[in-house]
Each structure stands twice: as C-alpha cells, then as structure tokens.
Amino acid sequence: LKLRRDAAALSRLKFHLSDVLTLRAATWARDLSQYITNHGQIDFLHEKWLANQNELLGTAAARNLRSCLQTFDWVVRNIQLDPFAEMNTEGLAEERLIEVPPGVTRLAWEALLTGHGDAWTRARAFILITRQLDIPVIMLAIDRQPTPEPWLNAALIAGQLSLFDPMLGIPIPDATGEGVATLEQ
C-alpha cells in the first residue's frame, strides 16, 4: 500500500482506496487483538515457562510474551497454510514474465477474511495483529541475492528477539524445549 505523506494530501478531506484498506485492516487487527488476548489459548507446555518469565523479565514482558504466543497460535489455527504462488506462464511471452515473490497473492487482511495464506502472509498477519498490542514484531530475512528471503517472525520483548516460524506454525523452542528461543540463543 502506498502511503501519501505530503501536506497537500493531508489538507484535503479525501480518502483513497489504500487509506480505506489500511484503516479496515487496522480495525480488524485491533478487534482481533482484543479478542485473542481475552480468549486466546496457550500451549500447556508454555504455561510453566511463562510463570518463570514473569519472575525473570517482569510482568509487562511476560504479558507481551503471552500475547505473542496467543496471537501466533490464533494466526496458525485460523489461516490455513497454502503453498507459495506459482508463476502463471500461460499466454505470456517469456520476456514479459515477472516473478511474483511469496506473499503477494494475498494481503494480511485478506488472509484474515478468507482464512488462507502462505507462510509470509501468515507472518504479516501476525505482525499486523501484534502491532495493535504495541508489541514490535519484525520479519527476519536471510541475505540472498538478488533479494532477501523472509525467514522468521521476531517479537522484541525485554530487549530480546523471540522467534516464531510461520512456515512450521510453531514458536522456535528454546534449549529446554519449554519456552520460546531468542535470536541471541
């Protein structure tokens, strides 16, 4: 979505389709984030670990970890993993083919609506929802040429990046197997 940041555009009381789509996605994500934090599930293996994190990191960081686990679980359960889009070469001249990168066949809000998306669409839906909880989540990538390859979601909690794999649909386990691994580990 293209963002318009010039003063003239802001002074006009006119919305573009991209503004409407962005506001709709943010509204859905806000409502989902509230629902998930109030009704979301936590894997029983993570409960004990979360109690320890409460003592180690503090209440706010442990609450953010819980919210990330609940949100990630919700995204994985509600957005069916589809294969990455194949290029449709039918009827196109070879010189006109444009490679479609993973995740562009469906936007995050469309995946929330349809319940389908590839791994990177799941990752963007996770980011969209956790953003509404004021938890910074990013997408880590592997440096491949010519473009980086998306890899894992990482939530910044208590100065550490906790790792979530949208392809496998699991938080990356830490060394004990009870918690969520951090990038530092």
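Check the entry above for the structure.
The rules behind the values
- Residues numbered from 1 in each chain as written.
- Predicted model: local features only at pLDDT ≥ 70, side-chain atom pairs only at ≥ 80, totals over all residues.
- Heavy atoms only, no water.
- Helix = DSSP H or I, 4+ residues; strand = E, 2+ residues; numbered from the N terminus.
- Buried < 20%, exposed > 50% of the residue type's maximum accessible area, 1.4 Å probe, protein only.
- Expected span 1.5 Å × (residues − 1).
- Contact = heavy atoms within 4.5 Å.
- Pairing = 2+ DSSP bridges.
- Axes fitted to C-alpha atoms, helices over the stretch in contact; angles between N-to-C directions.

1. A look at the side chain of Ser67
With respect to the element layout, Ser67 can be found in helix α4 (residues 59–78). By relative accessible area, Ser67 is classed as buried at 9%.

2. A short note on helix α2 (residues 17–39)
Here α2 is 23 residues long and its end C-alpha atoms lie 33 Å apart, about the 33 Å a rise of 1.5 Å per residue gives. Looking at α2, one finds that the buried residues are Ser18, Leu21, Ala25, Ala29, Leu32, Ser33 and Ile36. As for α2, its buried residues are in contact with α4, α5 (108–114) and α6 (119–131).

3. Things to note about the sheet that holds strand β3 (residues 137–142)
One open sheet holds the four strands; their spatial order is β3-β4-β5-β6, and the pairing between them is antiparallel. Each of the sheet's edge strands pairs with one partner strand only, and the pair in question is β3 and β6 (170–171). As defined by bridge partners, strand β5 (residues 160–165) adjoins β6 across two bridges and the pair is classed as antiparallel. What sits directly across from Asp165, in β6, is Ile170. Against the sheet, α6 engages β3, β4 (149–157) and β5, with an angle of about 150° to β3.

4. A short note on the pairing of β5
Two strands pair when backbone bridges link them, and β4 and β5 are joined in this way by five bridges, in the antiparallel orientation. Considered in β5, the bridge of Asn153 is made with Phe164. Count of turn residues in the β4/β5 antiparallel hairpin: two residues, of which Ala158 carries a positive phi of about 55°. The turn joining β5 and β6, which pair antiparallel and follow one another in sequence, is formed by four residues; a positive phi near 80° is taken by Gly169.

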